[in-house]
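# A look at the structure
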Amino acid sequence: MENVIEVRNLVKKYKEIIAVDNLSFSVREGEILGLLGPNGSGKSTTINCILSLLKFQGGNIKIFGKEMTPNSYELKSKIGVVFQDVSIFDELTVYENIDYFCGLYVKNKETRKKYIEDALKLVGLEDFQKFYPKKLSGGLLRRLNIACGIAHKPKLIFLDEPTVAVDPQSRNNILDGIKQLRDMGATVVYTTHYMEEVEILCDRVIILDKGKIIAEGTTDELKQRASIEEKVTVEVNNLDVRELPKIKDLMNVLEVSYEDNLLLVTYKDGKNNLVNMITYLKSKGIDYQKIYSERPTLNDVFLELTGKELRD
Amino acid sequence: MTVFKTFWKILNKNKLTVIIYTVILLVFGISNMKTSEKSMNFQAEKPDIAIVNYDEETELVKGFVQYLNKNCNVKEIENNEETLNDAIFYRDLNYVIYIPENYTEEFMTGKKPELEVKSTGDYQASYAKMIVTRYIQMANIYQKKISDESELVAQVNEVLKNEAKIEMTSKLDSNAMQKVTLYYNFASYSLIACLVFMIGLILNSFNQEKIKKRIIISSENCKRHNRALLLSNCCYSLIMWALYVIVSLILLKDIMLTTRGLIYIANSLVFTLCITTLSFLIGNLVNNKEALSGISNVVSLGSSFLCGAFVPVRWLPDFVIKIAHVLPTYYYINSNETLGTMEKITKETMQPIITNTIIMIAFSIIFIILSNIVVKTKRKIG
């Protein structure tokens, strides 16, 4: 598979602050790449540099094998971008908005008409064509925002947190749409803070922090790299907190916490952790309502890699 | 074409504003013209007077009353002090003349007796006083030469019968010119309001940071996109100008199809282009649609009041006129006023209009340069 994007040694500084620090990565044709990172990690800056919206101090960026510059109109015709903020005209209807943004790429009226219909179908806005944005709900607006970004059938699509503040139904619709785009041959760079979306959608994930790549791979690969191997959750009322250090001393236990009647025990390794926990609880005469075991999620990996402290 | 179409769609969404300002122009423009029609036709109105004669029915008194009957509305009112006072108070009479006892006798002996009067003090009363004074002064002059009362009255009547004839050498239809000037002066308000608000609004939509980002990353050449936007704005301005010219042609077609009328039209075209550049500057400077509405009102109303679009410049205080010099509207209105009073169109008489046109073009160039500076400053990327 060819690389659609190749970023080599990218450096972007804002005065003294290094936003992107010698970043190198590539995106393969037809994949959905998840770009993750806490706020201020350099995700948006990286995307803006790739799109030539920002000048950068070092490195080079190639898209479809060609260097990307502000005047690379041929390259730009193959790219679609869906920004986090809904970027549409309030004065135009749903159809007119898609028509305008598609018209920036596709000049042929007939082709454009067909593309608009396809985009409307993809995001499920066929019944809202004549609606003005003010009449649309948050979810529908997000879907319109996506339609405006992808109507011209780009080969490379950047989606910057397209599901922020969207209800579950709209989110499902959006995620299905993105999968369809990939199935139609598009390469997608997807940034989000929702880890479950990444697990559902992304073929590969890059986790950025402080302008650097701190982890890269498939979701399974990343999970394997985590020190947590298993999580056991026990629903138990009024647990004596003096029991917590004793549980911590059990075999393979990494961390123990008790909050809202939920005892959460993470294990770094080992087998029969769940059975061992049940045996321990019985031996201590602790009654519990539920007990279950889970594999670590991408969220656990993300928090482990980037830390739990709050970011701006 | 996409930009052009989108421009008109956004404009169409806000067409009510254009309609409102055009209706304002039509209503106030036409009513202004009607007012000018009245103010340009002068017809003397006879004052209402009453005569109370305590003298005898002498030839002098008869001649005087006859003269007053000819020039005033002499009303028959009961010779009662209270009734006369009421008539003056309620403006039924403007002037009451009391001819005292032995007036004729004293007058003929050269004593210059005084007439007693009561007056409302308004301009009609002043006019009545002027009529009375003219007769008495004339009689006084002839009394020195003619001792016979009948002959004196005949002579005075003969002289006062002659009226001075005034022949206007000017061929200028000042009434019609006044109408055109008023219409085009007022049109400046509607034009500024329509152009500044609409162009500003549309530029605001296209200049939204998020929309701009999408345009920059698209395969559409940014320069071509901006050129299309500029042409759309100019097209809109020209349509607005043409609309207002057509209205003036309908209302004042005979005058508008003369050389002078065409100069009015040309002047308004230069002004329209100047305001288009100003609208560009404002549209690029202001990023808030709500603020834009306020700014367009301040600019249109402010410049119209300061530069004499609503109130003629001659009635404005000097300091206001000085301030108005920094606004293009002043030069546009000045050209209209000059055209309205210009006797003949020659190279010399056209000089002030040419100067005003050059100043308006200079304003346009300044606005374009400032707009470019603003656009470039905003476009600077990280």
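Reading the values: rules and limits
- Residues numbered from 1 in each chain as written.
- Chains lettered and ligands numbered in written order.
- Predicted model: local features only at pLDDT ≥ 70, side-chain atom pairs only at ≥ 80, totals over all residues.
- Helix = DSSP H or I, 4+ residues; strand = E, 2+ residues; numbered from the N terminus.
- Buried ≥ 20, exposed ≤ 12 C-beta atoms within 10 Å, placed from the backbone.
- Contact = placed C-beta atoms within 7 Å.
- Pairing = 2+ DSSP bridges.
- Axes fitted to C-alpha atoms, helices over the stretch in contact; angles between N-to-C directions.
- pLDDT = per-residue confidence, 0-100.
- Nonpolar A, V, L, I, M, F, W, Y, C, P; charged D, E, K, R; others polar.
- Domains from an automatic or database assignment.
- Core = buried A, V, L, I, M, F, W, Y, C linked by C-beta atoms within 7 Å.

Attention shifts here to the overall build of chain B. Along its length, chain B carries 16 helices and four strands. By principal-axis analysis of the C-alpha atoms, chain B measures approximately 105 × 50 × 35 Å. Buried residues in chain B amount to 36% of all 382 residues. At a minimum sequence separation of 6, the contacts of chain B that also span at least 24 residues come to 78%.

Okay, the overall build of chain A next. Counting its secondary structure elements, chain A contains 11 helices and 14 strands. With respect to the three principal axes, the spread of C-alpha positions in chain A is 75 × 45 × 35 Å. When the 312 residues of chain A are sorted by exposure, 39% land in the buried category. Partitioning the intrachain contacts of chain A with sequence separation of at least 6 by distance along the chain shows that 68% fall at a separation of at least 24.

For the rest of this paragraph, the subject is the sheet that holds strand 6 (residues 79-82) of chain A. Consider a sheet: its strands pair through backbone hydrogen bonds, and that pairing is either parallel or antiparallel. Residue and element names in this part refer to chain A. Taken in spatial order, the six strands make up an open sheet running 6-7-8-3-9-10, and their pairing is mixed. With partners counted over all chains shown, the strands left at the sheet margins are strand 6 and strand 10 (212-217), one partner each. Here the strands of the sheet are splayed against their neighbours by 15° on average, with no regard to which way each runs. Pairing of strand 3 (residues 32-36) with strand 8 (residues 187-191) involves four bridges; the strand directions are parallel. Among the inter-strand pairings, Ile32 is bridged to a residue of strand 8, identified as Val188.

So, about the sheet that holds strand 4 (residues 116-119) of chain B. What the four strands build is an open sheet, ordered 2-1-3-4 (chain B); its pairing is mixed. Whereas interior strands pair on both sides, the edge strands pair on one side only; in this sheet they are strand 2 (73-74) and strand 4 of chain B.

Before going further, it helps to spend a moment on the environment of Glu76 of chain B. The residue Glu76 of chain B is located in the loop between strand 2 and helix 4 (81-89) in this model. Spatially, the C-alpha atoms of Glu76 of chain B and Ile215 of chain B are 86 Å apart, while their sequence positions differ by 139 residues.

Once that is clear, we can look at the confidence of the model for chain A. Confidence in the prediction for chain A averages 88 pLDDT; 98% of positions are at 70 or higher. Of all secondary-structure elements in chain A, the lowest mean pLDDT belongs to helix 11 (residues 298-306) of chain A, at 76, while helix 3 (residues 94-103) of chain A reaches the highest, 94.

Let us look at the interface of chain B and chain A. Between chain B and chain A, the residue contacts involve 19 residues of the former and 21 residues of the latter. Of all elements in the fold, only helix 1 (2-13) and helix 9 (209-217) of chain B reach the threshold of two or more residues within the side of chain B that touches chain A. For the side of chain B that touches chain A, the element with the most residues is helix 9 of chain B, which contributes seven residues. Here the residues of the side of chain B that touches chain A are counted per class, giving six nonpolar, seven polar and six charged.

Taken domain by domain, chain A consists of domain 1 (3-224) and domain 2 (228-295). If you average the C-alpha positions of domain 1 of chain A and of domain 2 of chain A, the two centres end up 42 Å apart.

Further remarks concern unusual backbone geometry. All names here are of chain A. The backbone of Asn238 shows a phi angle near 50°, a positive value even though the residue is not glycine. Phi is positive for Asp260, which is not a glycine, with a value near 50°. Here Asp260 is to be found in the loop between strand 12 (253-259) and strand 13 (262-267). Classification of Asp260 by C-beta neighbours within 10 Å gives exposed; the count is 5.

Partitioning chain B into domains gives domain 1 (2-39 + 172-379) and domain 2 (48-161). Taken over C-alpha atoms, the centre of domain 1 of chain B sits 59 Å from the centre of domain 2 of chain B.

All names here are of chain A. Within helix 1 (residues 43-50), seven of the eight residues are buried, which leaves the element mostly enclosed by the surrounding structure. By the burial criterion, the buried members of helix 1 are Lys43, Ser44, Thr45, Thr46, Asn48, Cys49 and Ile50. Just past helix 1, the residue Ser52 takes up positive phi, approximately 65°.

Before going further, it helps to examine the nonpolar core. Among the nonpolar cores identified, the biggest contains 133 residues, and Ile98, Ala119, Ala147 and Ala151 of chain A together with Met198 of chain B are the most heavily contacted of them. Per-element accounting of this core gives the leading share, 21 residues, to helix 8 (residues 174-207) of chain B. Setting aside its immediate chain neighbours within four residues, Ile98 of chain A contacts Ile116, Ala119, Leu120, Ala147, Cys148 and Ala151 of chain A. The next biggest cluster of nonpolar side chains, apart from the first, holds 24 residues, and it includes Ala87, Tyr103, Phe107 and Leu152 of chain B.

Moving on, we get to the environment of Ile30 of chain B. Residues and elements named next belong to chain B. Here Ile30 shows up in helix 2 (residues 15-40). We classify Ile30 as partly exposed; it has 16 C-beta atoms within 10 Å. Considered as a pair, Ile30 and Tyr183 are 153 residues apart in the sequence and their alpha carbons are 7.5 Å apart.

This part takes up the confidence of the model for chain B. For residues with low pLDDT, the predicted coordinates do not support detailed interpretation. Across chain B, the average pLDDT comes to 86, with 93% of residues at or above 70. Model confidence for the complex: the whole-complex pTM is 0.71, and ipTM, which rates the interface, is 0.80.

So, about the pairing of strand 13 of chain A. Residue and element names in this part refer to chain A. Pairing between strand 11 (residues 230-235) and strand 13: six bridges, direction antiparallel. By the bridge assignment, Glu230 is partnered in strand 13 with Tyr267. Pairing analysis gives six bridges linking strand 12 to strand 13, with the strands arranged antiparallel. Bridged to Val253 within strand 13 is Tyr267. In this structure, the hairpin formed by strand 12 and strand 13 is closed by a connection of two residues, where Asp260 is found at a positive phi of approximately 50°.

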